[in-house]
Amino acid sequence: MAQSQIEQLDPASSTLVLSLDVDLYSRDVLYAAAYVFIDRAYILLDRDADRYMVRMRAKQKMPDETMRAMAGEFENELLAQALREQVGKANQAIIEGITALAISGATAVAESHADGPGLDGFVDDPKGLGAPWQNKEEAPEG
Amino acid sequence: MGDTMLETRAANLPKGSQVALAELTDPAEWKPDFAVPFNQRTIGGKIVISNDFGDWLFLTQEEFRDFVEGRPQPGEPLYEKLKRANFVASEIDFLDQSLRWRRKKEYLFYGPTLHAFVLTHRCNHGCQYCHSSIVGMDRMDTDMSIETAEKGVDLAFQTTAHGLTIEFQGGEPTANWDVLRHIVEYAREKNKTAKKILSFALVTNLSLMDDEKLEFLLDRHVQICTSLDGPEDLHNQIRIFRDGNSHQTLLTWMKKINQRYVDMGLDPNQYRVEALPTITRPSLTRWKEIVDTFVEVGCRAVFLRKLDPFGFAAKSAKTLGYSMDEFLEFYANAVDYIIELNRQGVQVMERHAAIMLNKILADDEPNYLDLRIPGGACIGQLGYAPDGSIYSSDEGRFVASMGDDMFRIGSVDDSYQDLMGGAATRALVMAGLNDGHPDCVSCVYKPWCGQQVEYNYKTQGSLHGHMRDSTWCKKHKSIFDYLMHKLEAADEKDMEMFRLWTTNRTLDHFIV
């Protein structure tokens, strides 16, 4: 069976049903891809044995070729989301580290501000996120 | 090059191309331990490589092959070139590089610096591309109240950033003059104890300006910025002023304000009314006249801004819009002309190019919120609507003006800590990191590029978007390509000009 395919396309009701091999995409990827289309279509996700079933009913009447294009866009979105999930996992430590640093920087109470920034211009960093790794390793425990 | 040639030249934007290592080298010969992680792209006949530290080099194909295969030996010119540019893994001083990273990512260590207050939705212009939910001048119910303004200023002062810029926007912000005045005085008073590096910026069409307002703005050191779309007919065609001639009014006041700066002893090379054009379809063939207009009014920089997908701009896309290819062709024509003017001794630069060159040539991070990692949503800027709603940015507010509150992160009644530490802020920061984007992680321009999550959401339906068919990516990648071609071909005089574009001068007068 094809990896993904159009099971039903009915321009009269602007309805499109796609089926996908459940082994190809995680459920998170399917949700993320489907979400991108909710401004254009009403979407129902279902499962039939080893196939995900994606039922899309366009919010505005669509001609046949536009619906086929939407099916293609959905397939591309699945691939983009799957790859993003992989890249996100591969770089999870970097992403979380930078995000934690940014949030910490934006929320930390900077007592020194009344007298201007510190010598290096950084705000207080109670979690030590801004310290070089070497310093952290050298710091005594406890 | 003469003007005639410039006008008739077929604009071929030089493009780079992604190139796979296996196309140029034999995988069996690769020595992955030799190099730090890098990305590559062909530019003309050469290959440009970059690393995450922000270093870059042009290599010939032979040099690139030797590099990937780990052949250069200490003492050899290629080895030393690679070593100086931090591409040889065994030669990296990681403490130096971590300090360098920290310097360029300093903005991660503090909260939002830019606080954009929308004082009203009222405006006396009917600009065809306007982003905002513009209403008539009688709709005073869309004005920000003094109470909301004070709460907003109180919130803004809680930022952990030492620098704080309050920007007045609209509508036409001077239509709500009393509140503008009050914010300036209230913030200045607060700053007597907060002691932040406080500055104000006013984005105005200047049509409601009068001598009394101007004296107040000059006395309180409020920087004045405006919109100028080019020559009179083009400007007035797009920026429709019901009560007069927008272009003439604008230029009259720009001239007067610039003269007042001179009278105050300020350097006219630095202190001018900042003017920004928005490029529309009628602008596309008029790149030379647009640049000339900016030069004539004394502007030292032209920021060639593409029409964005928000607000009225989206509704007017059919009449004002154009493809990204058309914009890029316009851009190349305009910047080629700017470069030509520089060679003739005229001091003018293009702002996108200057920001990018700042990163590439000066190893600096100008903290331009649309082109940094992570993007500026929430942690770089906040948008304050008249009703007290707080948005991730100006663009987040534009999305809201189209009926979608996706980027509303709270209100002036919320605590700063809740806004910054909330799930929405976290999600927007994470989405604005290039490290999570499939195309970005393998792009040679990754160290200098950035994300705007609001743009991704509006154009592609998710905060992350997908860069492969993103117009955001196409625009920035193409401009980087254009600049890389210029750098590759530049002689010493051109390099001097490009370095001059990276010069940053602090406008101390506008710091309160």
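Just so you know, these numbers come straight off a predicted model, no measurement behind them.

Student: Kindly report on the overall build of chain A, identifying the contributing residues and their values.
Tutor: Regarding its fold elements, chain A presents 4 helices and 4 strands. Counting from the amino terminus, chain A carries its helices and strands in the arrangement β-β-α-β-β-α-α-α. Going through the 142 residues of chain A one by one, you find that 27% of them count as buried. Counting contacts in chain A only where the partners sit at least 6 residues apart, residues at least 24 apart contribute 49% of the total.

Student: Which residues make up the confidence of the model for chain A, and what are the values?
Tutor: Chain-level pLDDT for chain A is 78 on average; 73% of the residues reach the 70-or-more range. Contacts of residues 110-142 of chain A to residues separated by more than four positions or lying in other chains number 37 contacts, the stretch itself having pLDDT below 50.

Student: An account of the environment of B:Gln18 is needed here, citing residue identities and associated values.
Tutor: Residues and elements named next belong to chain B. Examined against the element boundaries, Gln 18 turns out to sit in strand S1 (residues 17-18). A residue is classified by how many C-beta atoms lie within 10 Å of it, and Gln 18, with 14 of them, is partly exposed. Taking the C-alpha atoms as reference points, Gln 18 and Trp 501, 483 residues apart in sequence, are found 28 Å from one another.

Student: Before we move on, can you summarise the nonpolar core with the specific residues and values?
Tutor: Residue and element names in this part refer to chain B. The biggest cluster of nonpolar side chains holds 135 residues, and the ones touching the most others in it are Phe 117, Ile 183, Tyr 331, Ala 334 and Met 356. If one sorts the elements of this core by residue count, helix H14 (residues 324-343) sits on top with 10 residues. Not counting residues within four places of it along the chain, the set of residues in contact with Ile 183 comprises Phe 117, Ala 149, Val 153 and Ile 166.

Student: Give a detailed account of the sheet that holds strand S3 (residues 46-51) of chain B, specifying residues and quantitative values.
Tutor: All names here are of chain B. Strands sit in the order S1-S2-S3-S4 across an open sheet of 4 strands; the sheet is antiparallel. Taken across any chain shown, the strands that pair with only one partner, and hence form the sheet edges, are S1 and strand S4 (56-59). Sheet analysis places strand S2 (residues 38-43) next to S3, joined by 6 bridges and oriented antiparallel. By the bridge assignment, Ile 43 is partnered in S3 with Lys 46.

Student: How would you summarise the packing of H14(B) against helix H20 (residues 471-489) of chain B if you had to cite specific residues and measurements?
Tutor: The description of two helices packed together rests on the angle between their axes and the distance between the axes. All names here are of chain B. Remark: H14 packs on H20, axes separated minimally by 10 Å, with the N-to-C direction vectors making an angle of 25°. One way to sum up the angle between H14 and H20 is to call them roughly parallel. For the crossing formed where H14 meets H20, the hand is right-handed. In this structure, H14 uses Met 324, Leu 328, Tyr 331 and Ala 332 to contact H20, whose residues at the interface are Thr 471, Lys 474, Lys 475, Ser 478, Ile 479 and Tyr 482. Of the residues that constitute the contact of H14 with H20, the class distribution is 6 nonpolar, 2 polar and 2 charged.

Student: Go over the interface of chain A and chain B, please, and point to the residues and values.
Tutor: Chain A puts 31 residues into the contact, and the matching count from chain B is 31 residues. The leading source of residues in the side of chain A that touches chain B is helix H3 (residues 92-107) of chain A, at 10 residues. For the side of chain A that touches chain B, the residue count by class is 19 nonpolar, 10 polar and 2 charged.

Student: Describe the pairing of strand S3 (residues 41-48) of chain A, naming the residues involved and giving the relevant values.
Tutor: Residue and element names in this part refer to chain A. Where S3 meets strand S4 (residues 51-58), 8 bridges bridge the pair, whose relative direction is antiparallel. Paired with Leu 45 across the two strands is Val 54, which belongs to S4. Between S3 and S4, which pair antiparallel and follow one another directly, the connecting turn spans 2 residues, one of which, Ala 49, has a positive phi of 55°.

Student: Outline the packing of helix H16 (residues 394-401) of chain B against helix H19 (residues 453-460) of chain B, supporting the account with residue identities and numerical values.
Tutor: All names here are of chain B. Packing of H16 against H19 leaves a shortest axis separation of 8 Å and a crossing angle of 30°. By the criterion of interaxial angle, the relationship of H16 to H19 is roughly parallel. Contacts from Glu 395, Gly 396 and Val 399 in H16 reach Glu 454, Tyr 455 and Lys 458 in H19. For the contact of H16 with H19, the residue count by class is 2 nonpolar, 1 polar and 3 charged.

Student: Explain the domain arrangement of chain B to me, and be specific about the residues and the numbers.
Tutor: Residue and element names in this part refer to chain B. Domain boundaries in chain B define domain 1 (3-104) and domain 2 (106-417). Each partner contributes to the interface: domain 1 provides 9 residues, whereas domain 2 provides 13 residues. Looking at the side of domain 1 that touches domain 2 residue by residue, the classes come out as 4 nonpolar, 1 polar and 4 charged.

Student: Just give me the short version of the confidence of the model for chain B, but keep the residues and values in it.
Tutor: All names here are of chain B. When the pLDDT values of chain B are averaged, the result is 92; 96% of them are 70 or greater. For the stretch residues 1-11, pLDDT sits under 50, and the model shows 10 contacts to residues farther than four places along the chain or on other chains. The complex model carries a pTM of 0.85, and its ipTM stands at 0.72.

Student: Lay out unusual backbone geometry with the relevant residues and their values.
Tutor: All names here are of chain B. Put simply, Gly 170 and Gly 171 share a cis peptide bond, and its omega is 20°. Structurally, the position occupied by Gly 171 is in the loop between strand S6 (163-169) and helix H7 (177-194). Put simply, Ile 373 and Pro 374 share a cis peptide bond, and its omega is -15°. Note on placement: Pro 374 falls in the loop between helix H15 (351-362) and strand S14 (381-384). Despite not being glycine, Asp 363 has its phi angle at roughly 50°, a positive value.

Student: Residues and numbers for the environment of B:Arg397, please.
Tutor: All names here are of chain B. Looking at where Arg 397 falls in the secondary structure, it is placed in helix H16. C-alpha separation for the pair Arg 397 and Trp 501, spaced 104 residues apart in sequence, amounts to 32 Å. If near-sequence neighbours (up to four positions away) are discounted, Arg 397 is found in contact with Val 118, Gly 383, Ala 385 and Tyr 391.

Student: Can you lay out the pairing of strand S8 (residues 222-227) of chain B for me, pointing to particular residues and giving the numbers?
Tutor: All names here are of chain B. Examined bridge by bridge, strand S7 (residues 197-203) and S8 share 4 bridges and lie parallel to one another. Residue pairing for S8: Ala 201 is matched across the bridge by Gln 223. A crossover connection joins S7 to the parallel S8 through helix H8 (residues 211-219); in handedness this β-α-β unit is right-handed. Sheet topology note: the S8/strand S9 (residues 274-276) ladder contains 3 bridges and is parallel.

Student: Could you give me a rundown of the sheet that holds S6(B), with the residues and numbers involved?
Tutor: Residue and element names in this part refer to chain B. If you trace the 8 strands from one edge of the open sheet to the other, you get S9-S8-S7-S6-S5-S14-S15-S16, paired in mixed fashion. If you trace the sheet from one side to the other, it starts and ends with S9 and strand S16 (408-411), each paired once. Taking each pair of neighbouring strands and ignoring which way they run, the sheet shows an average axis angle of 25°.

Student: Describe H15(B), naming the residues involved and giving the relevant values.
Tutor: All names here are of chain B. Residues of H15 that are buried include every one of His 352, Ala 353, Ile 355, Met 356, Leu 357, Asn 358, Lys 359 and Ile 360, and no others. Its buried side turned inward, H15 meets S4, H14, strand S13 (349-350), H20 and helix H21 (492-501). Following H15 by one or two positions, Asp 363 has its phi on the positive side, about 50°.

Reading the values: the criteria
- Residues numbered from 1 in each chain as written.
- Chains lettered and ligands numbered in written order.
- Predicted model: local features only at pLDDT ≥ 70, side-chain atom pairs only at ≥ 80, totals over all residues.
- Helix = DSSP H or I, 4+ residues; strand = E, 2+ residues; numbered from the N terminus.
- Buried ≥ 20, exposed ≤ 12 C-beta atoms within 10 Å, placed from the backbone.
- Contact = placed C-beta atoms within 7 Å.
- pLDDT = per-residue confidence, 0-100.
- Core = buried A, V, L, I, M, F, W, Y, C linked by C-beta atoms within 7 Å.
- Pairing = 2+ DSSP bridges.
- Axes fitted to C-alpha atoms, helices over the stretch in contact; angles between N-to-C directions.
- Parallel < 35°, antiparallel > 145°, perpendicular 65-115°, else oblique.
- Left-handed = near helix turned anticlockwise from the far one by under 90°.
- Nonpolar A, V, L, I, M, F, W, Y, C, P; charged D, E, K, R; others polar.
- Domains from an automatic or database assignment.
- Right-handed = clockwise from strand over helix to strand, strands pointing away.

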